[in-house]
Amino acid sequence: MGINTLKIKKKILVLFTFIFISLGFFYKLDYHYFFTEEILNAHRGRDHIYGLYEHDAHVPILPKYFSGAIYILFGINVLLLRAPYAIIGILTAFVMYLILKREYGIFYGLLGAVLFSTSNMTFDASRMMMLEPLMHLFWLTFHYFFFE
């Protein structure tokens, strides 16, 4: 088996792993009802975009702006409101993969991405319009570049 064949097999393994992760995040994305915190995040984010800040200022403002922009773009469609957060969950798993791959190799990178994606907290937050997925992505991206 040549070096090129091994590289192709590794790339196919990575591709199938992230297809699996993507299917997990997008499967029945709009199945559950629109959670109260999601509604508050969307409405407060919309208010912040329109310049109304009197309701709250105690949470990170960037995720609120993101939630508000998505709410303005897609309205009440739960699937479209949650899809960007599912994509952020996939990107976060990919950053986790890159960090672990660089430190320990491709096997541990893929294992870490799958375990991160299937952890209850990450999985639930990335399938709803919550503030945590953006914080997870920023936190791991910081670590990736910090250790670079």
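> I'd like a rundown of helix α4 (residues 78-104), residues and numbers included.
The terminal C-alpha atoms of α4, which comprises 27 residues, lie 38 Å apart, in line with the 39 Å expected from a rise of 1.5 Å per residue. Between the side-chain oxygen at the start of α4 and the backbone nitrogen of Leu79 there is a gap of 3.2 Å, and the oxygen is on Asn77. After α4 finishes, the residue Gly105 shows a positive phi value of roughly 110°.

> Give a detailed account of the packing of α4 against helix α5 (residues 106-118), specifying residues and quantitative values.
The N-to-C vectors of α4 and α5 enclose an angle of 150°; their axes lie 7 Å apart at closest approach. When the interaxial angle is binned, α4 and α5 end up roughly antiparallel. Crossing of α4 against α5: the hand is right-handed. Two secondary-structure elements touch here, α4 through Thr92, Ala93, Met96, Tyr97, Leu100, Lys101 and Tyr104 and α5 through Ile106, Tyr108, Gly109, Leu110, Gly112, Ala113, Phe116 and Ser117. Across the contact of α4 with α5, the residue classes break down as ten nonpolar, four polar and one charged.

> Quick rundown of the confidence of the model for the protein chain? Include the residues and the values.
Of all residues in the protein chain, 94% attain a pLDDT of 70 or more, and the chain-wide mean is 86. Here helix α2 (residues 36-49) is the element of the protein chain with the lowest mean pLDDT, 81, and α5 is the one with the highest, 95.

Thresholds, definitions, all that
Residues numbered from 1 in each chain as written. Predicted model: local features only at pLDDT ≥ 70, side-chain atom pairs only at ≥ 80, totals over all residues. Heavy atoms only, no water. Helix = DSSP H or I, 4+ residues; strand = E, 2+ residues; numbered from the N terminus. Expected span 1.5 Å × (residues − 1). Polar contact = N/O pair within 3.5 Å; in protein donor to acceptor, adjacent residues only side chain to side chain. Axes fitted to C-alpha atoms, helices over the stretch in contact; angles between N-to-C directions. Parallel < 35°, antiparallel > 145°, perpendicular 65-115°, else oblique. Left-handed = near helix turned anticlockwise from the far one by under 90°. Contact = heavy atoms within 4.5 Å. Nonpolar A, V, L, I, M, F, W, Y, C, P; charged D, E, K, R; others polar. pLDDT = per-residue confidence, 0-100.

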